[in-house]
Amino acid sequence: MNAFDKHRMSITAWCEECESVFDNRWDVQAHRQETGHKVNVREFVITGRR
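A few points on the structure. (Residues numbered from 1 in each chain as written. Predicted model: local features only at pLDDT ≥ 70, side-chain atom pairs only at ≥ 80, totals over all residues. Heavy atoms only, no water.)

Here we look at the environment of Gly48
With respect to the secondary-structure elements, Gly48 resides in strand S3 (residues 39–49). Given the relative accessible area of 24%, Gly48 is considered partly exposed. Taking the C-alpha atoms as reference points, Gly48 and His7, 41 residues apart in sequence, are found 6.3 Å from one another. (Helix = DSSP H or I, 4+ residues; strand = E, 2+ residues; numbered from the N terminus. Buried < 20%, exposed > 50% of the residue type's maximum accessible area, 1.4 Å probe, protein only.)

Now the structure itself:
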């Protein structure tokens, strides 16, 4: 990456115990608290040009 690249962190998450898929941390935390399920979270960087 250089000074002209823009980037941001994003996540993808899925529940191991049901078929749910998430794209933000708020939904992941709510699902964990409501159901007690284990959720896998993967972080990644999205890059682009300005």
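Brief notes about the environment of Arg8
Note on placement: Arg8 falls in strand S1 (residues 5–15). The spatial distance from the C-alpha of Arg8 to the C-alpha of Ile46 is 5.4 Å, given a sequence separation of 38 residues. Ignoring sequence-local partners within four residues, the contact set of Arg8 consists of Phe44, Val45 and Ile46. (Contact = heavy atoms within 4.5 Å.)

What to know about the nonpolar core
In terms of nonpolar packing, the biggest core is built from six residues, these being Ile11, Ala13, Cys15, Phe22, Val28 and Val39. Not counting the four nearest positions on each side in its chain, Ile11 is found in contact with Asp23, Asn24, Arg25, Val28, Val41, Arg42, Glu43 and Phe44. (Core = buried A, V, L, I, M, F, W, Y, C linked by side-chain atoms within 4.5 Å.)

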